[in-house]
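Close look at the chain arrangement
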Amino acid sequence: MALRLDGKQLAAELEQRLQAEIAAGLVQAGRPPGLAVLRIGDDPASGVYVAHKQKACGRIGVASHLTHLPETVSAAKVLATIQALNIDERVDGILLQLPLPKGLDEGPLLAAIDPEKDADGLHTLNLGRLLKGEPGPRSCTPAGVMALLARHQISLERKRAVVIGRSILVGQPMALMLQAANATVSVAHSHTDDLASLTQQADVLVVAAGRPQMIGSDHVKPGAVVVDVGIHRLPADPELGPQVKARLCGDVRAQEVEPLASALTPVPGGVGPMTVTMLLVNTVARWQQHCGLPFGLRDLLL
Ligand code: NAD
């Protein structure tokens, strides 16, 4: 039976560590770390994510500053808001909650965020820093996966890793981070033929395809470490009776893969909580940098 890579537990441990970092620097800094969250429109899922992030800030002592703009807002107004946050001295991290409403192009808006306040690690400069192995804010989801693997002493040295997905949000930075940890990495995507023959070679398989339950036992080498990034809400099925309620699932058929893998992330409670925690890590790290404090989080931002 696979070891459960429990992201909820590690997130709680890291929150304690962040709290201690904040307590240690608060007097010298003269202010707490600040995260500005910019939400546009009323997408309900985004509302839930923003609420989670604000709650997490509250738990560890990060001041969160929410700006909620209407769906009809102009790109110029969003840009002006970002520019104001860039020079706001209370703010160490800026997060533009995606997806944006139709008609707003995320590219120029993400590019307008000061790279030194890039809480999501998605700015072109910070992706370049990752590519070159230079320090900087890291993309939250892949950095969370790396922290989970490290916490369970899963070495990547000389391992064969396969990442399914090549998005800028997850797949691409994930592949770079695994490679930086000395894994030999292949990236599969929607134009990859015979996916199973590739994934069967993986010692470490990271699945970020956004396809509910697409990966089963036929894709997994016995003993592999399987990281399921996908998250989907399966609706209740009236045909299966009232006892079958709506539930969350990932890109992996966990019941099939669990007996085969050496380790597996659960959904929910695996990668998801780590993504929020890495947002906090990026914010606290920027605060330490902006306030001239010792940098205590290097091991989490490789
Ligand atoms: P995306 O849609 O931008 O990218 C999906 C990638 O998967 C693409 O590169 C595509 O080529 C590839 N792909 C799609 N179908 C494939 C197939 N059949 N075979 C091989 N490759 C295939 O999605 P994303 O933003 O990278 O997110 C991926 C998943 O991760 C989604 O389910 C998303 O909800 C989830 N996610 C979870 C978290 C978290 O915190 N748990 C964070 C970010 C994303």
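Refer to the structure printed above.
We now turn to the structure provided with this report.

Observations regarding the site of the ligand
If you check the shell around the ligand, you find 20 residues, and the closest are Arg-166, Ser-167, His-189, Ser-190 and Thr-275. Within the backbone of Ser-190, an N or O atom sits 3.0 Å from an oxygen atom of the ligand. Side-chain polar atom of Thr-275 to an oxygen atom of the ligand: 2.7 Å apart, as the coordinates give it. Burial of the ligand by the protein chains amounts to 72% of its free accessible area of 850 Å².

Here's the deal with the packing of helix 1 (residues 7-29) against helix 10 (residues 271-290)
Packing of helix 1 against helix 10 leaves a shortest axis separation of 10 Å and a crossing angle of 15°. One element, helix 1, and the other, helix 10, form an angle in the roughly parallel class. Pair helix 1 / helix 10 crosses with left-handed handedness. For the pair helix 1 and helix 10, the contacting residues are Gly-7, Lys-8, Leu-10, Ala-11, Leu-14, Glu-15, Leu-18, Glu-21, Ile-22, Gly-25, Leu-26 and Ala-29 in the first and Pro-273, Met-274, Thr-277, Leu-280, Val-281, Val-284, Trp-287 and Gln-288 in the second.

A look at the environment of Ala-2
Relative to the helices and strands, Ala-2 resides in the segment before strand 1 (3-4). Under the relative-accessibility criterion, Ala-2 is labelled buried at 12%. Placed 257 residues apart in sequence, Ala-2 and Pro-259 show a C-alpha to C-alpha distance of 6.2 Å. The residues touching Ala-2, leaving out its near neighbours within four places in the chain, are Glu-258, Ala-261, Ser-262, Ala-263 and Leu-264.

Thoughts on helix 6 (residues 140-151)
With twelve residues, helix 6 should cover 16 Å at 1.5 Å per step; its first-to-last C-alpha distance of 16 Å lies within 8% of that length. The buried count for helix 6 comes to ten of twelve residues, which makes it a mostly enclosed element. Within the span of helix 6, buried status applies to Cys-140, Thr-141, Pro-142, Ala-143, Gly-144, Val-145, Met-146, Ala-147, Leu-148 and Leu-149. Of the surrounding elements, those touching the buried residues of helix 6 are helix 1, helix 7 (171-180), strand 8 (225-228) and helix 10. Directly beyond the C-terminal end of helix 6, a positive phi value near 50° is found at Gln-153.

What about the sheet that holds strand 3 (residues 63-69)?
On the basis of which strands lie adjacent, the open sheet formed by three strands has the order 3-2-4 and parallel pairing. Looking at which strands have only one partner, the edges of the open sheet turn out to be strand 3 and strand 4 (93-96). Pairs of neighbouring strands in the sheet enclose a mean axial angle of 15°, with direction left out of account. Taken together, the seven bridges between strand 2 (residues 34-40) and strand 3 define a ladder with parallel strand orientation. Its bridge partner being in strand 3, Ala-36 is matched across the sheet by His-65. Relative to the sheet, helix 2 (residues 44-60) contacts strand 2, strand 3 and strand 4, its axis offset from that of strand 2 by approximately 170°.

A closer look at the environment of Gln-255
Within the element layout of this structure, Gln-255 appears in helix 9 (residues 254-257). A sequence separation of 39 residues divides Gln-255 from Gly-216, and the C-alpha atoms of the two residues are 8.7 Å apart.

A short note on the pattern of salt bridges
One pass over the full model with this rule turns up eleven salt bridges. A salt bridge links Asp-203 to Lys-221; its shortest N-O distance comes to 2.8 Å. With a gap of 18 residues between them, Asp-203 in the loop between helix 8 (195-199) and strand 7 (204-207) and Lys-221 in the loop between strand 7 and strand 8 connect regions that are remote in the sequence. The class of Asp-203 is partly exposed, set by a relative accessible area of 22%. Asp-218 serves as the salt-bridge partner of Arg-253, at 3.7 Å between the closest nitrogen and oxygen. Here Arg-253, found in the loop between strand 10 (247-249) and helix 9, pairs with Asp-218, found in the loop between strand 7 and strand 8; they are 35 residues apart in sequence, far enough to count as distant.

Rules used throughout
- Residues numbered from 1 in each chain as written.
- Predicted model: local features only at pLDDT ≥ 70, side-chain atom pairs only at ≥ 80, totals over all residues.
- Heavy atoms only, no water.
- Near = heavy atom within 4 Å.
- Polar contact = N/O pair within 3.5 Å; in protein donor to acceptor, adjacent residues only side chain to side chain.
- Areas by Shrake-Rupley, 256 points an atom, 1.4 Å probe, with all protein chains shown as cover.
- Axes fitted to C-alpha atoms, helices over the stretch in contact; angles between N-to-C directions.
- Helix = DSSP H or I, 4+ residues; strand = E, 2+ residues; numbered from the N terminus.
- Parallel < 35°, antiparallel > 145°, perpendicular 65-115°, else oblique.
- Left-handed = near helix turned anticlockwise from the far one by under 90°.
- Contact = heavy atoms within 4.5 Å.
- Buried < 20%, exposed > 50% of the residue type's maximum accessible area, 1.4 Å probe, protein only.
- Expected span 1.5 Å × (residues − 1).
- Pairing = 2+ DSSP bridges.
- Salt bridge = Lys/Arg side-chain N within 4 Å of Asp/Glu carboxyl O.

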